[in-house]
Amino acid sequence: MDRVVSERSAPRTAVPARGQRVALVDLLDRLLAGGVVITGDITISIAEVDLVRISLRALIASIRPEMNRVLDDEDAGQPPREPIQGTVSREDM
Amino acid sequence: MAESGIYVYGVSRDLPGEAMERVGGVAGAPVRVIEQGGLTAVVSPVSLAEFGEEALRHNLEDLGWLESTARAHHAVVDAAAASAATVPLGLATVYRSEDRVRKALRERSEEFTRALGRITGRTEWGVKAYADLRGATPGGTAAEEGPAARPGTSYLQRRRAEQHTEEEARREVLAIAERIDTELRDLAATGRLHRPQDPQLSGERGWMILNAAYLVDDARADDFRAAVARLAGLRPEIRLQLTGPWAPYSFATEEEAWTGS
């Protein structure tokens, strides 16, 4: 609840400079939906965007078990606190 | 030794030769340029053991690999875009030889030139909006709890809060998201909508009501940022995030080819 207020009153003029680390989820929005799609010589190259999305669906499905395993190793059974950033999941992907 | 290929990050115009000198590409490979007919492809060598068809099929499902490849791709595109008009290519566009890259530049020359024309002198900015409706549901407003509130005001506020159903609140914030998008598009050359991000993946708790990209004339960048700051103050339950400057990833393709939303 406080979060909304505090973030809202935070200064908004600061603009990240080029080269600053971006959120993976924002980057993948752009890398998977954006960019000129040209057919490279490697046929999986993202000319077949659908194929990649299928791969990503598999990826998303695998994130939670993967995340639990990683955190279990590091954290001796503590439940995961931070979601792993990934790409957009949508049922009709 | 594994076969090698050429990974193409993007296509630039008038890219200064030294701009890419200190930039590392995917898998840490050195970046170089291939010039062809006034266009410059920004490339690096890759091993087909990692970027061949079978390998990619597997690697794209590996979040760690995907992240490091996406970040390396971005670092190169970003460096090129900071120095010259650059049209980013899709992730993992790989050719077998320099000749094949040149051929692609020749064959797609018109399309690249058009795309470069669209984005020259402009920068992509991302704007994300989140609504937190918890404060808008009955009983959640701080005002009615204030000891100094006059009884009449307090009653009216309580009644209003009760009538303010979640459904109404949702409709209202969506209308505001539309207003934000409309006002920002007015300042931008064009805008495109990305799909809402999964909160599980973005780590954001609020309801994502806008995930947009705007291509903004550099001369209007300050106006645009000021508008975002102003719109961020519209409503306490709506939060805006500005990201960028981005290379024009969301505007590399023609509008008809846009698949983001």
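What you see is a predicted model; the values in this text were computed from it and never measured. (Residues numbered from 1 in each chain as written. Chains lettered and ligands numbered in written order. Predicted model: local features only at pLDDT ≥ 70, side-chain atom pairs only at ≥ 80, totals over all residues. Heavy atoms only, no water.)

**Notes on the overall build of chain A**
- When helices and strands are counted, chain A shows 3 helices and 0 strands.
- When its helices and strands are written in sequence order, chain A yields α-α-α.
- Put simply, chain A has 93 residues, and 39% of those count as buried.
- For chain A, the proportion of contacts with a sequence separation of at least 24, taken over those separated by at least 6, is 44%.
- When the accessible area of chain A is evaluated, it comes to approximately 5,200 Å², of which 52% is carbon and sulfur surface. (Helix = DSSP H or I, 4+ residues; strand = E, 2+ residues; numbered from the N terminus. Buried < 20%, exposed > 50% of the residue type's maximum accessible area, 1.4 Å probe, protein only. Contact = heavy atoms within 4.5 Å. Areas by Shrake-Rupley, 256 points an atom, 1.4 Å probe, with all protein chains shown as cover.)

**Quick look at the nonpolar core**
- Membership of the largest hydrophobic core comes to 36 residues, with the highest contact counts inside it found for B:Y7, B:M20, B:V42 and B:F51.
- Secondary structure elements with two or more residues in this core: α2 (24–33) of chain A together with β1 (4–12), β3 (39–47), α1 (48–51) and α3 (63–83) of chain B.
- For this core, the element with the most residues is α3(B), which contributes 10 residues.
- Taken together, domain 1 (4–120) and domain 2 (123–249) of chain B each give at least three residues to this core, which thus spans both.
- Excluding residues within four positions of it along the chain, B:M20 makes contact with B:L15, B:V31, B:V33, B:V42, B:V76, B:A79 and B:A80. (Core = buried A, V, L, I, M, F, W, Y, C linked by side-chain atoms within 4.5 Å. Domains from an automatic or database assignment.)

**Looking at the side chain of B:D181**
Residues and elements named next belong to chain B.
- Relative to the elements of secondary structure, D181 occurs in helix α7 (residues 166–187).
- The exposure class assigned to D181 is buried, which follows from its relative accessible area of 12%.
- Beyond its immediate sequence surroundings of up to four residues, D181 is in contact with L193, L210, A212 and Y214.

**A word on the domain arrangement of chain B**
All names here are of chain B.
- One can read the domain layout of chain B as domain 1 (4–120) and domain 2 (123–249).
- In this assembly, 9 residues from domain 1 lie in contact with 6 residues from domain 2.
- Roughly 580 Å² is buried in total at the junction of domain 1 and domain 2, and carbon and sulfur atoms are behind 69% of that figure.
- Ranking the residues of domain 1 by area buried against domain 2 places H74, P88 and I119 at the top, with a combined share of 58%.
- Our count for the contact surface shared by domain 1 and domain 2 stands at 0 salt bridges.
- Summed over the shared surface of domain 1 and domain 2, the result is 1 residue pair in polar contact (both at pLDDT 80 or more). (Buried area = accessible area lost by both parts, 1.4 Å probe. Salt bridge = Lys/Arg side-chain N within 4 Å of Asp/Glu carboxyl O. Polar contact = N/O pair within 3.5 Å; in protein donor to acceptor, adjacent residues only side chain to side chain.)

**Points about the sheet that holds strand β9 (residues 238–246) of chain B**
- Judged by pairing direction, the sheet is antiparallel, and its 4 strands sit side by side in the order β7-β8-β6-β9 (chain B) without closing on themselves. Two strands in the sheet have a free side with no partner beyond their single neighbour: β7 (190–193) and β9 of chain B. The sheet shows a mean angle of 20° between the axes of neighbouring strands, taken without regard to direction.
- Two strands pair when backbone bridges link them, and strand β6 (residues 122–131) of chain B and strand β8 (residues 207–217) of chain B are joined in this way by 10 bridges, in the antiparallel orientation. Looking across to β8(B), one finds that B:V127 is bridged to B:A212.
- In the packing of α2(A) onto the sheet, contacts are made with β6, β8 and β9 of chain B, and the angle to β9(B) comes to roughly 60°. (Pairing = 2+ DSSP bridges. Axes fitted to C-alpha atoms, helices over the stretch in contact; angles between N-to-C directions.)

**Structural notes on the environment of B:Y155**
- Along the chain, B:Y155 falls in helix α6 (residues 151–163).
- For the pair B:Y155 and B:E67, spaced 88 residues apart in the sequence, the C-alpha separation amounts to 53 Å.

**Some points on helix α5 (residues 109–119) of chain B**
Residue and element names in this part refer to chain B.
- Residues of α5 that are buried include every one of F112, A115, L116 and I119, and no others. One side of α5 holds all its buried residues, which, seen down the axis, span an arc of 100°.
- Positive backbone phi, at 75°, marks G121, one or two positions downstream of α5. (Arc of directions from axis to C-beta.)

**Quick look at the environment of B:A29**
Residues and elements named next belong to chain B.
- Inspection of the secondary structure puts A29 in the loop between β1 and β2 (32–36).
- The exposure class assigned to A29 is buried, which follows from its relative accessible area of 10%.
- Along the chain, A29 and R102 lie 73 residues apart, while their C-alpha atoms are 20 Å from each other.
- Each residue touching A29, except ones within four places of it in the same chain, is listed here: G24, S44 and P45.

**Description of the packing of aromatic side chains**
- Summed over all chains, the structure comprises 5 aromatic pairs over all chains.
- Seen in terms of ring centroids, B:Y7 and B:F51 are 5.6 Å apart; in terms of plane orientation they differ by 85°. Their pairing is edge-to-face. One end of the pair, B:Y7, is in strand β1; the other, B:F51, is in helix α1, and 44 residues separate them in sequence.
- One aromatic cluster in this structure is built from B:Y7, B:Y9, B:F51 and B:W65.
- A cation sits over an aromatic face here: A:R30 above B:W246, 4.2 Å from the ring centre. (Phe/Tyr/Trp six-rings, centres within 6.5 Å; stacked < 30°, edge-to-face > 60°. Lys NZ or Arg CZ within 6 Å of the ring centre and 35° of its normal.)

**Some words on the confidence of the model for chain A**
All names here are of chain A.
- Scored by pLDDT, chain A comes out at a mean of 51, with 14% of its residues at no less than 70.
- Per-element averaging of pLDDT across chain A places helix α1 (residues 2–9) at the bottom with 35 and α2 at the top with 84.
- When the criterion is pLDDT under 50, residues 1–16 qualifies, and its contacts beyond four places in sequence or with other chains add up to 27 contacts.
- Predicted confidence for residues 45–52 stays below pLDDT 50, and this span has 21 contacts to residues more than four positions away or in other chains. (pLDDT = per-residue confidence, 0-100.)

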